[in-house]
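Next come the chains, spelled out residue by residue.
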There are 2 protein chains.
Amino acid sequence: MRGAEINTWQAVQTEVLRRIRAHIWRPGDAIPHEEALAEEFGCARATVNRALRQLAEDGLLDRRRKAGTRVTLNPSRKAKLDIPVLRVEIESKGMRYFHEIVSREVAAPPLAARARLQAKPGEEHLHLVALHMGDDAPYVYEDRWINLAAVPKARKVDFTAISANEWLVRNVPFEGGEIAFSAVVATKRDAAILRCAQGDGLMAIDRITRRAGQVVTAVRQTFKPGYQLQAQL
Amino acid sequence: MRGAEINTWQAVQTEVLRRIRAHIWRPGDAIPHEEALAEEFGCARATVNRALRQLAEDGLLDRRRKAGTRVTLNPSRKAKLDIPVLRVEIESKGMRYFHEIVSREVAAPPLAARARLQAKPGEEHLHLVALHMGDDAPYVYEDRWINLAAVPKARKVDFTAISANEWLVRNVPFEGGEIAFSAVVATKRDAAILRCAQGDGLMAIDRITRRAGQVVTAVRQTFKPGYQLQAQL
DNA sequence: ATGGATAATAACTATATACATATTATCCGA
DNA sequence: TCGGATAATATGTATATAGTTATTATCCAT
């Protein structure tokens, strides 16, 4: 598999990678500067830069002007995982996607949710509980708050026709957010909705989405038992 | 925060991003080609390329030769999470790190583990169970198999002095692997080791590390209750 | 020694240019 | 109409060159 590059910059990159892995250049060591490597590999400095820059982005090298480039001391493996829209994820597994609204109301969020939403007391939010199904079996259910001050249009959207997730992605430009994964134990309520046993271990994903400083939406998605989140190293 | 670029390519990137988010260029739409954008922004094509290439890597654009560049239709959020060596993670939280070996034996893995290890019957592996502590409280425990055929040196390493995790990172060049996150329910044994209640929801991480086609090590790490894995969107 | 100006350095950015490559569109003959 | 050769095109890669910027090292005056 390795060594199948046609590119110069990829060839340089894998050779550098090889030297790091073979401990020819060890963690903490400085490696030759771009110009020297360019000469060694018989290519332009820009090409070396392209190779090294990406390795730095991946966390394998530390680069600083004038100080040079060194092999990262505590290499932390970076896993990239992509969180697709649930419909896409379910359909990509060959299942038929369907979703239903369990409850919908406009209300002021309770104290616990208010902090996450950065909401002032009395501010109205749309509270949605929805269930996403794969082949008629519950796959994940979500408990979501949407900030109506940030997204007034959401008040009159028919979320049975399009999931909140998808509607938001399509209609609300957003800028960032946080995501956290944790393990929870199925409550009686969880079990009833997901049709699993009370006490099962469930993966939960908490997400907050921001736009212009405001929290647009905060959601907890609770997955069916046995759900695995996979990534490549 | 936005608009604080000094670079041309970053300025181009955020402007493109803005147009995507503002739905000036909508999902599925083709955007102008590099040369046109270069002219519009008054910069070189290489600069536009740099900006767009990264957006494509982030999954916001789809680019194909001759076909051009379009806004991704089903934008799946990509979260980057880094998995540091446990010692570093624990120490970075201001806790004192300590680890102990619960059990250690050389054995042929049982059938269930053999598949994951791609091991032939009778092949010897090192089986390690270790507990990582933060401030004297259990943080995570791991059940690990190390392929002695791939890493013969491991047989006589003192893993009380350095954790297997760290020793492997430092001493075995590796090429790739898989990682999976799931939620499990604490068994009696889990509870005893982690000093938690049986039935607690625990985050589990399964990892397989390869080198030259061989599986170097397969490990399951089971975290203390309440553990959260966080990432930025 | 200490601090501050100055020089040296290595990565960072940008440009023009050129060629490679994948993919689409077109055209032509069977 | 179908298939295959051919042209057109947008992105991908590589290079030489040049200027920018952050950081370190040095040197000098106090």
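Right above here is the structure, for reference.
Keep in mind that what you see is a predicted model, and the values were worked out from it rather than measured. (Residues numbered from 1 in each chain as written. Chains lettered and ligands numbered in written order. Predicted model: local features only at pLDDT ≥ 70, side-chain atom pairs only at ≥ 80, totals over all residues. Heavy atoms only, no water.)

> Could you give an account of the overall build of chain A, with specific residues and numbers?
Scanning chain A for helices and strands turns up seven helices and eleven strands. Against the globule reference of 17 Å for 233 residues, chain A gives a C-alpha radius of gyration of 24 Å, more extended than a compact globule. Considering only C-alpha atoms, chain A reaches an extent of 65 × 35 × 30 Å along its principal axes. Here the contacts in chain A between residues at least 6 apart in sequence split such that 57% fall between residues at least 24 apart. (Helix = DSSP H or I, 4+ residues; strand = E, 2+ residues; numbered from the N terminus. Rg over C-alpha atoms; globule rule 2.2 N^0.38 Å. Contact = heavy atoms within 4.5 Å.)

> Outline the protein's contact with DNA strand D, supporting the account with residue identities and numerical values.
As a matter of local geometry, DNA strand D sits amid 22 residues, with T8(A), T47(A), R64(A), R45(B) and R63(B) nearest to it. Within 4 Å of the protein, the contacting atoms of DNA strand D are 72% sugar and phosphate, with bases supplying the remainder. Residue R50(A) places a side-chain N or O atom 3.3 Å away from a phosphate oxygen belonging to DNA strand D. Among the secondary structure elements, those contributing two or more residues to the surface near DNA strand D are α1 (8–21) and α3 (45–57) of chain A together with α3 (45–57), β2 (61–64) and β3 (68–71) of chain B. The residue inventory of the surface near DNA strand D, partitioned by class, reads four nonpolar, seven polar and eleven charged. (Near = heavy atom within 4 Å. Polar contact = N/O pair within 3.5 Å; in protein donor to acceptor, adjacent residues only side chain to side chain. Nonpolar A, V, L, I, M, F, W, Y, C, P; charged D, E, K, R; others polar.)

> Please give an account of the layout of surface pockets that cites residues and values.
Residues and elements named next belong to chain B. In this structure, the second largest pocket spans a volume of roughly 420 Å³. Around the second largest pocket sit 17 residues that line it, and E34, N49, R63, R64 and R65 are the ones nearest its centre. Elements supplying a minimum of two residues to the lining of the second largest pocket: β1 (30–31), α3, β2 and β3. Looking at the lining of the second largest pocket, the element that brings in the most residues is α3, giving three residues. The residue inventory of the lining of the second largest pocket, partitioned by class, reads five nonpolar, five polar and seven charged. (1 Å grid on protein atoms, 1.4 Å probe; cavity = no way out; pocket = protein on both sides within 12 Å on 5 of 7 lines; lining within 4 Å. Points joined across faces, edges and corners; volume = space filled by probe spheres on them.)

> Give me the lowdown on the pattern of salt bridges, citing residues and values where you can.
Evaluated as defined, the whole model comprises 30 salt bridges over all chains. When the shortest N-O distance is used, the salt bridge between K120(A) and E123(A) registers 3.9 Å. For E123(A), a relative accessible area of 23% translates into the label partly exposed. Of the charged contacts in the structure, one is a salt bridge between E91(B) and R87(B), with a shortest N-O distance of 3.1 Å. (Salt bridge = Lys/Arg side-chain N within 4 Å of Asp/Glu carboxyl O. Buried < 20%, exposed > 50% of the residue type's maximum accessible area, 1.4 Å probe, protein only.)

> Give me the lowdown on the relation of the copies chain A and chain B, citing residues and values where you can.
Rotating chain A by 180° and moving it 0.0 Å along the rotation axis overlays it on chain B with an RMSD of 0.2 Å. Given the turn and translation reported, the copies of this chain are related as if by a two-fold rotation axis. When the interface residues of chain A are mapped onto chain B, 100% of them are again interface residues, pointing to one common binding face. (Least-squares fit on C-alpha atoms with pLDDT ≥ 70 in both.)

> Report on the pairing of strand β7 (residues 137–147) of chain B, specifying residues and quantitative values.
All names here are of chain B. Counting buried residues in β7 gives nine out of eleven residues, a clear majority hidden from the surface. Note that β7 and strand β10 (residues 214–223) share seven bridges and pair antiparallel. Looking across to β10, one finds that R144 is bridged to V219. (Pairing = 2+ DSSP bridges.)

> So, the packing of helix α2 (residues 34–41) of chain B against α3(B): which residues are in play, and what are the values?
Residue and element names in this part refer to chain B. Viewed as axis vectors pointing N to C, α2 and α3 meet at an angle of 110°, and their least axial separation amounts to 8 Å. When the axis of α2 is compared with that of α3, the two are roughly perpendicular. Residues E34, E35, L37 and A38 of α2 form the contact with α3, whose own contacting residues are R45, V48, N49 and L52. Counted by class, the contact of α2 with α3 contains four nonpolar, one polar and three charged residues. (Axes fitted to C-alpha atoms, helices over the stretch in contact; angles between N-to-C directions. Parallel < 35°, antiparallel > 145°, perpendicular 65-115°, else oblique.)

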